[in-house]
Amino acid sequence: MTLDATDRRILKATASGLPLTPHPFEEVGRWLFLPENEVIARMQAMQDDGVIRRVALAPNHYALGLAANGMSVWDIDDTHAEALGAQVGALPFVSHCYLRPRALPDWPYNLFAMLHGHSREEVEAKRAEVAALLGPAARGSDVLYSTRILKKSGMRLAGEG
Amino acid sequence: MRSTLPAEALDATDRLLINRLQDGLPLTHAPFGPVAAEAGIPEADIVARIAHLREIGAITRFGPFLDAEAMGGAFCLCAMAVPPARFDEVMTLVNAHPEVAHNYERLHRLNMWFVLACERPEEIAEAAARIEGETGLTVLRFPKLKEFFIGFRVEA
């Protein structure tokens, strides 16, 4: 999808969040001198196209007690990787799930699944659930815990420098 | 904020909002109507509660979630095995690149994991090569081959 300048203005205006009023799209329209129905129609088109995944609330995992997360990684036989990846991604405690290339010999793993829990013990228990689901198709696995955030910058919109 | 809120910080209505509004809001004139009806409170109170949840740090944001790739641009997860004695020096070199969007230290021989975000796919290899030149370390690249649909929701 190619975004035009008005689409980009809408995304930029809402990048830090929707205005908290009962009619947020009307308010965005006021900011940008656009009618509410145009704001809604453009956002709906971007959502239908996948540019906007959803308009939603992002819980703070840590504040809500999900303090532990681990990046679990799995070496899955390529012939089963897509089907099994879809099953792993559907688990309620998996927040991201991707197939990626291996980097042999340093890195034999091709399935990445981020696991969340209240403690590392809970993350380990969830890793065992994933292992049970994958069965013998998983030839090896590991889990990497993050110890520090070294950098986290907001995503820049392409074309805005 | 990495600390947990006390259980009494949220009441049943707050928990309902967190659980329901993760899934997405209808794009309509009155998007809070359905959840207000379910909670049995006015839409203005829903909005006030969302503001309060943000103030106390129970939620990090409320708004559109974008698919960066659908908007154009290229992304790649990268990893390096950084000798512990050089960790801070290498971190400074890596973080100085504007293409580095996130960078995490992880417990593994591959101990530095970062995401390169560029406008064009060929810039990923260029940025990785620059980092290799500056640090003398190999940058392993793990581009996404396939992303799976996610059922993840945080139960409040």
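Residues numbered from 1 in each chain as written. Chains lettered and ligands numbered in written order. Predicted model: local features only at pLDDT ≥ 70, side-chain atom pairs only at ≥ 80, totals over all residues.

Asker: How should the overall build of chain B be read in this particular structure?
Answerer: Along chain B, the regular secondary structure elements total 5 helices and 6 strands. Listed by position from the N terminus, the elements making up chain B come as α-α-α-β-β-α-β-β-α-β-β. For 156 residues, the compact-globule estimate of 2.2 N^0.38 gives 15 Å, and the C-alpha radius of gyration of chain B, at 21 Å, exceeds that figure by more than 25%. Viewed in the frame of its principal axes, chain B has a C-alpha envelope of about 60 × 35 × 25 Å. Evaluated residue by residue, chain B yields a buried proportion of 28% over its 156 residues. Taking the contacts inside chain B whose residues are at least 6 apart along the sequence as the reference set, 58% of them involve residues at least 24 apart. (Helix = DSSP H or I, 4+ residues; strand = E, 2+ residues; numbered from the N terminus. Rg over C-alpha atoms; globule rule 2.2 N^0.38 Å. Buried ≥ 20, exposed ≤ 12 C-beta atoms within 10 Å, placed from the backbone. Contact = placed C-beta atoms within 7 Å.)

Asker: Looking at this structure, how should I read the overall build of chain A?
Answerer: Helix and strand content of chain A: 5 helices and 5 strands. Element order for chain A, N to C, with α for helix and β for strand: α-α-α-β-β-α-β-β-α-β. Its C-alpha radius of gyration of 20 Å places chain A more than 25% over the 15 Å reference for a compact globule of 161 residues. Along the first, second and third principal axes, the C-alpha atoms of chain A reach 60 × 35 × 30 Å. Across the 161 residues of chain A, 32% fall into the buried class. For chain A, restricting intrachain contacts to residue pairs at least 6 apart in sequence, the fraction spanning at least 24 positions comes to 60%.

Asker: Just checking my understanding: could you explain the interface of chain B and chain A for this structure?
Answerer: Reports of interface size often rely on the accessible area that becomes lost once the parts have come together. Counting residues at the interface gives 68 residues for chain B, matched by 70 residues for chain A. In terms of residues, the side of chain B that touches chain A owes the most to one element, strand β1 (residues 59-66) of chain B, which gives 8 residues. Residues of the side of chain B that touches chain A, tallied by class, amount to 40 nonpolar, 16 polar and 12 charged. Bridging between strand β1 (residues 52-59) of chain A and β1(B) involves 7 bridges; their strand directions are antiparallel. Within the sheet, the bridge partner assigned to Pro59(A) lies in β1(B) and is Ile59(B). (Nonpolar A, V, L, I, M, F, W, Y, C, P; charged D, E, K, R; others polar. Pairing = 2+ DSSP bridges.)

Asker: What exactly am I supposed to notice about helix α2 (residues 24-32) of chain A here?
Answerer: Every α-helical turn comprises 3.6 residues, leaving residues that sit three or four positions apart pointing alike. Residue and element names in this part refer to chain A. Of the positions making up α2, those classed as buried are Pro-24, Phe-25 and Val-28. Taken end-on, α2 shows its buried residues confined to a sector of 95°, consistent with a single buried face. Lining the buried residues of α2 we find α1 (5-13) and α3 (36-48). Phe-33 lies just past α2 and shows a positive phi near 60°. (Arc of directions from axis to C-beta.)

Asker: Explanation requested: the domain arrangement of chain A in the structure shown.
Answerer: Under the domain assignment used here, chain A contains domain 1 (7-48) and domain 2 (68-145). Distance from the C-alpha centre of domain 1 of chain A to the C-alpha centre of domain 2 of chain A: 37 Å. (Domains from an automatic or database assignment.)

Asker: How should I be thinking about the confidence of the model for chain B in this particular structure?
Answerer: Low-pLDDT portions of the prediction should not be read for the details of their coordinates. Averaged over every residue, the pLDDT of chain B is 92; the share at 70 or more is 99%. Here the prediction assigns the complex a pTM of 0.81, and the interface score ipTM is 0.79. (pLDDT = per-residue confidence, 0-100.)

Asker: Could you clarify how one ought to interpret the pairing of strand β4 (residues 111-117) of chain A in this entry?
Answerer: Residues in a regular strand point their side chains to alternate faces of the sheet. Residues and elements named next belong to chain A. Among the 7 residues in β4, 5 count as buried, and that is most of the element. As paired elements, strand β3 (residues 94-99) and β4 share 5 bridges and run antiparallel to each other. The partner of Leu-99 across the bridge, within β4, is Leu-111.

Asker: It is not clear to me how the sheet that holds strand β2 (residues 68-76) of chain A should be interpreted in this structure. Could you clarify?
Answerer: Note on sheets: strands pair through backbone hydrogen bonds, and any given pair is parallel or antiparallel. Overall, antiparallel pairing links the 9 strands, which are arranged β5(B)-β2(B)-β4(B)-β3(B)-β5(A)-β2(A)-β4(A)-β3(A)-β6(B) in an open sheet. Across the chains shown, the open sheet's two edge strands, defined by having one partner strand only, are β5 (140-142) and β6 (146-147) of chain B. When strand β3 (residues 100-106) of chain B meets strand β4 (residues 112-118) of chain B, the two strands line up antiparallel, connected through 5 bridges. Within β4(B), the residue paired with His102(B) across the bridge is Val115(B). Strand contacts of helix α5 (residues 122-135) of chain B: β2 (74-80), β4 and β5 of chain B, with the helix running at about 135° to β4(B), the strand carrying the most contacts. (Axes fitted to C-alpha atoms, helices over the stretch in contact; angles between N-to-C directions.)

Asker: For this particular structure, what's the right way to read the domain arrangement of chain B?
Answerer: Annotation of chain B at the domain level lists domain 1 (7-55) and domain 2 (74-142). A separation of 39 Å is found between the C-alpha centroids of domain 1 of chain B and domain 2 of chain B.

Asker: Got a minute to help me understand the packing of α1(A) against α3(A) in this structure?
Answerer: How two helices sit against one another is set out by the angle between their axes and by the gap between those axes. Residue and element names in this part refer to chain A. Orientation of α1 relative to α3, taken along the N-to-C sense of each, is 90°, at an axis distance of 10 Å. Classified by the angle between their axes, α1 and α3 sit roughly perpendicular to one another. Counted together, Thr-6, Asp-7 and Ile-10 of α1 and Val-39, Arg-42, Met-43 and Met-46 of α3 form the full contact between these two elements. Looking at the contact of α1 with α3 residue by residue, the classes come out as 4 nonpolar, 1 polar and 2 charged. (Parallel < 35°, antiparallel > 145°, perpendicular 65-115°, else oblique.)

Asker: So what exactly am I meant to see when it comes to the environment of Phe114(B) here?
Answerer: All names here are of chain B. Tracing the backbone shows Phe-114 in strand β4. Along the chain, Phe-114 and Val-100 lie 14 residues apart, while their C-alpha atoms are 6.6 Å from each other. Other than its neighbours up to four places away in sequence, Phe-114 contacts Cys-78, Val-94, Val-100, His-102 and Asn-103.

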